[in-house]
There are 4 protein chains.
Amino acid sequence: MTSIPPAPAGCFDGPVHLFTVRAYFEDTDLSGVVYHANYVRWFERARSDLVRLLGMDQRAANEAGEGAWAVSEMTIHYRAPARLDDAVLIETRAEEVGAATCRMHQRALLLVDGQPGPLLAEARLRIGFVAPDGRPRRQPADWRAAFSSLLPAAKDTP
Amino acid sequence: MTSIPPAPAGCFDGPVHLFTVRAYFEDTDLSGVVYHANYVRWFERARSDLVRLLGMDQRAANEAGEGAWAVSEMTIHYRAPARLDDAVLIETRAEEVGAATCRMHQRALLLVDGQPGPLLAEARLRIGFVAPDGRPRRQPADWRAAFSSLLPAAKDTP
Amino acid sequence: MTSIPPAPAGCFDGPVHLFTVRAYFEDTDLSGVVYHANYVRWFERARSDLVRLLGMDQRAANEAGEGAWAVSEMTIHYRAPARLDDAVLIETRAEEVGAATCRMHQRALLLVDGQPGPLLAEARLRIGFVAPDGRPRRQPADWRAAFSSLLPAAKDTP
Amino acid sequence: MTSIPPAPAGCFDGPVHLFTVRAYFEDTDLSGVVYHANYVRWFERARSDLVRLLGMDQRAANEAGEGAWAVSEMTIHYRAPARLDDAVLIETRAEEVGAATCRMHQRALLLVDGQPGPLLAEARLRIGFVAPDGRPRRQPADWRAAFSSLLPAAKDTP
């Protein structure tokens, strides 16, 4: 009886979302390390996983014409390079939740023997919910509640 | 005590390598489905995982100037589209192993409730080991042995 | 008075569409050459440019829910590697045009002093027009006529 | 006699580097607009073109083991979305040049009838020259001089 490896999925450690990626050939560039724009894609994977785990169905929202999350600003610091075959942990935290926006903090850490090691890159970003015409739109109320449950204060009020 | 999700990794079911991916925003295009070139990247991830599990250190081989695997030909049939958040199983089989080449067969199957469902895409490809100057080169003997262990006949001779 | 460089655009040499790309960091991988999946993206750029020049508005067709072109099969042979800063010519030819499908042939040639040089990669592919639900759909009649004007026979019947 | 379209290349308007890109299927995501990480790749293309035009041979520097430019920090603001087939102008300015680093400012503007229109996205970033082992390294003296020629003051001291 075959055991299929689990589909990629992260989990929550309290309000912190944990997600892992690995560096493949597609991620590297000729300097031998992971291309800087690919961290931006890794961070998106982690956020998409986070909202999926929170029960927000982005595909349905898009197909229903309700809207989608879009990044409106992002600051990334690159601290150390990742290389082929490296396993990387992405931590994601919500820092602020509004009617149509969220601020998030994401960190990419090299996994060494399965444990978080050196910081590779770190991002702060603001995402906004936008209608199909590109205009800001209030996020669904239950989505806001779900995001808010990740705010630091929530740690203290279980 | 936190449990970090495992780093992405596939496994072998006999000679068949199994690997999972998930479709994120980065993978889709404006038609709402996964962009065709991204299956090519998914298949590469699976092959890179396969060779990693077989003990071939591609990073070291590259850094030592020994060479790298390169795709020399590839035929892909697209059968059905994948969409955002879909989990996808990639099966990889070795079909022929030579001194400097391998032929492989890869299939991408939609995972439905964790079980393989409809076929999304399928590829046959030939990879060749090439020196840094781009010329074909014999693969290391132990790599060839490792690949050969995946050939269909190997199923019968455990 | 500033002269803005022209927006990327190809042109036709009779029925052959010509388009150029250049290899940037994003295109390379750690082996120092262009990553194989990126030729697939380069070929798509050339086809998207071709249909744009033929007057097919894919964006409008998608937004109107009419459908989109999707690759249904593709065979690529990789002949020689491209490297950072290389300029590459993509030639695209229509080989067969049907109610809902086209067969195309694409070649990527290194540009040496602005002239076509060594063949880098070559693809044959079949694209199909599909409705938003993924089912095949007849392409608009004027699109079919436009594609047909590129068939080899058309060379003889101006 | 065929006229091959020119290879992608930008130009300088005084100290400002101008470069154009176009949005293809590969650039979009299911929300119908250009995926945010792809602006990061567009900005890289413009910078790689800029350094190429300044006479810095990044490929040779990499192959000789001298090092490569790496992004160390980047802030991007997304102002308006780009869509399929849009032509986009990327303006790049040097803001500060050091022994091993540069600060640059990049803007992506929609091209409307060949003229710069609405601002789509804007980035400030710091790049550092790094040795193959990842450590900061002084950039070659002539590279520094070339970058410095783009500093605002240089406009006044021809």
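Residues numbered from 1 in each chain as written. Chains lettered and ligands numbered in written order. Predicted model: local features only at pLDDT ≥ 70, side-chain atom pairs only at ≥ 80, totals over all residues. Heavy atoms only, no water.

Caption draft 1: Region of interest: helix α1 (residues 36-53) of chain B. Residues and elements named next belong to chain B. Compared with the 26 Å implied by 1.5 Å per residue over 18 residues, the 27 Å span of α1 between its first and last C-alpha is a close match. Where burial is concerned, most of α1 is hidden: 16 out of the 18 residues are buried. Remark: Gly-55 follows α1 within two positions and exhibits a positive phi of approximately 90 degrees. (Helix = DSSP H or I, 4+ residues; strand = E, 2+ residues; numbered from the N terminus. Expected span 1.5 Å × (residues − 1). Buried < 20%, exposed > 50% of the residue type's maximum accessible area, 1.4 Å probe, protein only.)

Caption draft 2: Main features of the sheet that holds strand β5 (residues 101-112) of chain A. Across the sheet, which stays open at both edges, the twelve strands sit in the order β1(A)-β2(A)-β4(A)-β5(A)-β6(A)-β3(A)-β3(D)-β6(D)-β5(D)-β4(D)-β2(D)-β1(D) with antiparallel pairing between neighbours. Looking at which strands have only one partner, the edges of the open sheet turn out to be β1 (11-13) of chain A together with β1 (11-13) of chain D. Each strand of the sheet is rotated relative to its neighbour by a mean of 30 degrees, with strand direction disregarded. One ladder, built from three bridges, connects β1(D) with strand β2 (residues 16-22) of chain D; its direction is antiparallel. Opposite Phe12(D), over in β2(D), you have His17(D) as the bridge partner. Each of β3 (68-78) of chain A together with β1, β2, β3 (68-78), β4 (87-97), β5 (101-112) and β6 (115-130) of chain D touches helix α1 (residues 36-53) of chain D; the most contacted strand, β2(D), lies at about 135 degrees to it. Set on the sheet, helix α3 (residues 141-148) of chain D makes contact with β3, β4, β5 and β6 of chain D; between it and β4(D) the angle comes to about 115 degrees. (Pairing = 2+ DSSP bridges. Axes fitted to C-alpha atoms, helices over the stretch in contact; angles between N-to-C directions. Contact = heavy atoms within 4.5 Å.)

Caption draft 3: How the structure looks around the interface of chain B and chain A. On the chain A side, the residues contacting the 37 residues of chain B number 37 residues. Counting each side, the surface lost to burial between chain B and chain A is near 3,500 Å², with a carbon and sulfur contribution of 57%. Of all residues in chain B, Ile4(B), Tyr24(B) and Arg59(B) give up the largest surface area on contact with chain A, accounting jointly for 18% of the area buried on that side. On the surface where chain B and chain A come into contact, there are six salt bridges. Asp86(B) is the salt-bridge partner of Arg59(A), the closest N and O atoms lying 2.6 Å from each other. Inspection of the region where chain B meets chain A yields 16 residue pairs in polar contact (both at pLDDT 80 or more). (Buried area = accessible area lost by both parts, 1.4 Å probe. Salt bridge = Lys/Arg side-chain N within 4 Å of Asp/Glu carboxyl O. Polar contact = N/O pair within 3.5 Å; in protein donor to acceptor, adjacent residues only side chain to side chain.)

Caption draft 4: Up close: the nonpolar core. Of all hydrophobic cores here, the largest spans 88 residues; its most connected members are Phe147(A), Tyr39(D) and Phe147(D). Each residue touching Phe147(A), except ones within four places of it in the same chain, is listed here: Leu50(A), Val51(A), Leu54(A), Met56(A), Trp69(A), Ala94(A), Val97(A), Cys102(A), Met104(A), Ile127(A) and Gln139(A). Counting residues in hydrophobic clusters, the runner-up holds 86 residues, among them Val51(B), Ile127(B), Phe129(B) and Ala123(C). (Core = buried A, V, L, I, M, F, W, Y, C linked by side-chain atoms within 4.5 Å.)

Caption draft 5: Looking closely at the relation of the copies chain B and chain D. Rotating chain B by 180 degrees and translating it 0.0 Å along the rotation axis places it on chain D, where the RMSD comes to 0.0 Å. Look at the turn and shift together and you get a two-fold axis relating the two. Taken together, the interface assignments show that 100% of the residues at the interface of chain B recur at the interface of chain D, consistent with an identical surface on both copies. (Least-squares fit on C-alpha atoms with pLDDT ≥ 70 in both.)

Caption draft 6: Structural view of the sheet that holds strand β6 (residues 115-130) of chain B. Read from one edge to the other, the open sheet built from twelve strands follows the order β1(B)-β2(B)-β4(B)-β5(B)-β6(B)-β3(B)-β3(C)-β6(C)-β5(C)-β4(C)-β2(C)-β1(C), with strand pairing classed as antiparallel. The open sheet is flanked by β1 (11-13) of chain B together with β1 (11-13) of chain C, the only strands paired with a single partner. Direction aside, neighbouring strands of the sheet carry axes that sit 30 degrees apart on average.

Caption draft 7: Up close: the packing of aromatic side chains. Residue and element names in this part refer to chain B. On inspection of all chains with the given rule, the structure shows 24 aromatic pairs over all chains. Seen from their ring centres, Tyr-39 and Tyr-78 are 5.5 Å apart, and the 70 degrees between their planes marks the pair as edge-to-face. Within this pair, whereas Tyr-39 is found in helix α1, its partner Tyr-78 is found in strand β3 (residues 68-78), the two being separated by 39 residues in sequence. Grouping residues by exposure puts Tyr-39 and Tyr-78 together as buried. (Phe/Tyr/Trp six-rings, centres within 6.5 Å; stacked < 30°, edge-to-face > 60°.)

Caption draft 8: Representation of the pairing of β4(D) in the model. All names here are of chain D. Burial of β4 is extensive: eight of the eleven residues sit out of reach of the surface. Strand direction decides the pairing type here: β2 and β4, joined by six bridges, are antiparallel. Opposite His-17, over in β4, you have Thr-92 as the bridge partner. Across nine bridges, β4 lies against β5 in antiparallel orientation. Looking across to β5, one finds that Glu-96 is bridged to Arg-103. Where β4 folds back on β5, the antiparallel hairpin that results is connected by three residues.

The quantities given are spatial measurements derived from coordinates; they are silent on function.
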